[in-house]
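Structure assessment
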Amino acid sequence: MRIAIYTLSLSTLAWIGLGSQSSNELSDTSSPAEQGQFIVQAASAAEARELVRASGGQISLELPIIDGVSASLTAAQAERLKPQARVTADGQLESTARKNDRKTQSSGSGTTSTGGLDDGGDTVITDSTNSGNGNASLAAYTAYTDWVNADALHAQGILGTGIGVAVIDTGVQDDPNLIHGPSASARLVHAKPRPLDQKLWDPNGHGTHVASVIASSNYSDQSGYEGVAPDVTLLDVRSLDNHGAGTYSAAIAAVQWVLDHREEFNIRVINLSLSAPPSSWYWEDPFNQAVMAAWQAGIVVVAAAGNSGPDPMTIGVPGNLPYIITVGSADDNGTPQDLTDDFLSEFSSAGPTFEGFVKPDFVAPGARIVGLMNQGQHLARVYNEYLAVDQKHFQMSGTSQATGVVSGIVALMLQADPSLTPDDVKCRLSATARSAMNTATGENLYSVLQQGAGLVDAYAAVYASERGCANAGLDIDADLNGTQHFSGPVVEDEDGRFVIIGDDGQSTSLNGEAYLWSRAYLWSRAYLWSRAYLWSRAYLWSRAYLWSRALPWEGEALEVEVDDGRLVYDTDIGSNPWVDPSPLRPADWQ
């Protein structure tokens, strides 16, 4: 007997104590070893809860945002639920850093931090070869605010003040530059109390680094503010354990918390620096359903494209959602003042999605990004060679960091014009992005499936006036209620090329000049792709696309085999690879 499921492996998700947890549910006579974690969805969360109880399962988390619950079930219980509910596996998830780890050794709406940095007393690797004046190099390598023209907005007092940004990640550490913004008010809120056995709010470090890119208020006369939006309200919605591992339902519970408290903290942005291989069509995925609900509620969701490039069709979950903002990574080649040698990061995942949508939507700085990280946090210990000599800053590369840059830009846009809807924000960012072009030929250097609309421009986006140029043809209400689903404009022709078929029946090639990683061209204003509707137009879903590549969720690899009442998970769970920030790091970073 086989039970078909969808499994996911997010790169930055985990357990979270957000949501109702039942302690007196009926239990099956099976031992814990015979049970697995599942997400059960029905017409409502209450109905899902009663179905699980009736089957003898045990509730783990309430997930009303997707009309479901997380539950412990035996194979027999899961089989009994199938005719009445949708049952999917709630698999184990891992963070990017965990994959290559070779050196591993209060209730209420929120907790506001007002104190200083807690180093946690953890063991610190002391045999580092770091030497020299780390602060001098950091000024040059926090230049991403200048690259995207956010510093010009800072000079005008546009700092993200009053906008809440939720970071669903490994946690956010109590660093003074994250606790206080230029307005001097306490602005870091933890969604749940720190566990009694934890000395750090973020034992891992990934979430702190991303939050630093978004919002660090550290300031120097040479480079200005360290973060893109240094005065936002930061919401730490922790969803990972110490080493970046956890469950799928925990991520959904985190989004649920954000929706429940969005008015209290004026949460307008969710940062999801995470990615996973798609395991279903976008609309069937439970986490994607939660993310769509957040977008529908008026929250701008910014997600990483993933670090699985340069191959096509590598966009991860939830970046494969057509509605939200999906971000790839660009590289300044270690010369932030020289725009002529910038290029697309080779690790940055590329589109199209399996439903034919163009992704990423645009790219942002994501290579050798310097951000806050305490010397006692896990990543700083494991990858000590990237810890700055001040023992408070760390260098990382990835679409996670690029996502943080865009989340900060969105906060600046919303401070300048709070009336903007999520679709408006996406439209203006797309319309003002600068495409990487071959200045000798005037053609795009990279395919739109690699760079989307191009490199984001914060200043241009804030002062843009475009509306109605994003998510054309989509209907999120119909998508969520299951009455309609959608496909994008990208198809594969008989020669294996990705093309857009226009309304006139003519095709436009999207392959660009292949993957020329060895040289780059000036990021200049592009006209070829300036009309965002060319790739945002959607069509009613009528049939699955016929790709030359097999869909990853087809076949035996995505099923659960029931053998004598036990669950055998016949699938590989992976995560994005760690991206080595070298070799283009400052010489005095040893």
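To keep things clear, this report deals only with the structure shown in the data block. (Residues numbered from 1 in each chain as written. Predicted model: local features only at pLDDT ≥ 70, side-chain atom pairs only at ≥ 80, totals over all residues. Heavy atoms only, no water.)

1. Here's the deal with the environment of Leu-200
Considering the arrangement of structural elements, one finds Leu-200 in the loop between strand S9 (188-190) and helix H8 (206-215). Spatially, the C-alpha atom of Leu-200 lies 9.7 Å from that of Asn-374, the residues being 174 residues apart in sequence. (Helix = DSSP H or I, 4+ residues; strand = E, 2+ residues; numbered from the N terminus.)

2. Things to note about the nonpolar core
Within the largest apolar cluster, 102 residues are counted, with the highest numbers of intra-cluster contacts made by Ile-270, Phe-287, Ile-325, Val-406, Val-410 and Leu-429. If you look at the next biggest cluster of nonpolar residues, it comprises 14 residues, including Val-40, Leu-51, Val-52 and Val-69. (Core = buried A, V, L, I, M, F, W, Y, C linked by side-chain atoms within 4.5 Å. Buried < 20%, exposed > 50% of the residue type's maximum accessible area, 1.4 Å probe, protein only.)

3. Looking at the packing of aromatic side chains
Going through the model one piece at a time under the given rule, you end up with 6 aromatic pairs. Measuring from ring centre to ring centre gives 6.0 Å for Trp-281 and Trp-283, while their planes differ by 15°; the resulting arrangement is stacked. Under the relative-accessibility criterion, Trp-281 is labelled buried at 11%. Taking 4.9 Å as the distance between ring centres and 85° as the angle between the ring planes, the aromatic pair formed by Tyr-282 and Trp-283 counts as edge-to-face. We classify Tyr-282 as buried; its relative accessible area is 0%. Connected via pairs of aromatic rings, a cluster forms that spans Trp-281, Tyr-282, Trp-283 and Phe-357. (Phe/Tyr/Trp six-rings, centres within 6.5 Å; stacked < 30°, edge-to-face > 60°.)

4. Description of helix H9 (residues 248-260)
The end-to-end C-alpha distance of H9 is 19 Å, a good match for the 18 Å that 13 residues give at a rise of 1.5 Å each. Of all 13 residues that make up H9, 12 are buried, and the element is covered over most of its length. Turning to H9, its buried residues are Tyr-248, Ser-249, Ala-250, Ala-251, Ile-252, Ala-253, Ala-254, Val-255, Gln-256, Trp-257, Val-258 and Leu-259. (Expected span 1.5 Å × (residues − 1).)

5. Points about the pairing of strand S12 (residues 233-238)
For S12, the buried fraction is high: 6 of the 6 residues fall into the buried class. Alternating residues of S12 divide into Thr-233, Leu-235 and Val-237 and Leu-234, Asp-236 and Arg-238, and every residue in both groups is buried. The pairing of strand S8 (residues 164-169) with S12 spans 6 bridges and is parallel. Looking across to S12, one finds that Asp-169 is bridged to Arg-238. (Pairing = 2+ DSSP bridges.)

6. Overview of the sheet that holds strand S4 (residues 68-74)
Strand pairing within a sheet occurs via backbone hydrogen bonds; the two strands may be parallel or antiparallel. Strand order in this open sheet of 4 strands is S3-S4-S2-S5, and the pairing throughout is antiparallel. Either end of the sheet is taken by a strand with one partner, and the two such strands are strand S3 (58-63) and strand S5 (86-89). Strand-to-strand twist in this sheet, taken as the mean axis angle between neighbours without regard to direction, amounts to 30°. Strand direction decides the pairing type here: S3 and S4, joined by 5 bridges, are antiparallel. Along S4, the bridge assignment pairs Gln-58 with Ser-72. (Axes fitted to C-alpha atoms, helices over the stretch in contact; angles between N-to-C directions.)

7. A word on the side chain of Arg-434
With respect to the helices, strands and loops of the structure, Arg-434 is situated in the loop between helix H14 (422-432) and strand S21 (437-438). Take Arg-434: its relative accessible area is 12%, and that puts it in the buried class.

8. A closer look at the packing of H8 against helix H13 (residues 399-416)
At a minimum axis separation of 7 Å, H8 and H13 run at an interaxial angle of 40°. With respect to each other, H8 and H13 are oriented oblique. In the packing of H8 onto H13, the handedness of the crossing is right-handed. Each of His-206, His-209, Val-210, Val-213 and Ile-214 in H8 lies in contact with H13, whose residues at this interface are Ser-400, Gln-401, Gly-404, Val-405, Ser-407 and Gly-408. The residue inventory of the contact of H8 with H13, partitioned by class, reads 4 nonpolar, 7 polar and no charged. (Parallel < 35°, antiparallel > 145°, perpendicular 65-115°, else oblique. Left-handed = near helix turned anticlockwise from the far one by under 90°. Contact = heavy atoms within 4.5 Å. Nonpolar A, V, L, I, M, F, W, Y, C, P; charged D, E, K, R; others polar.)

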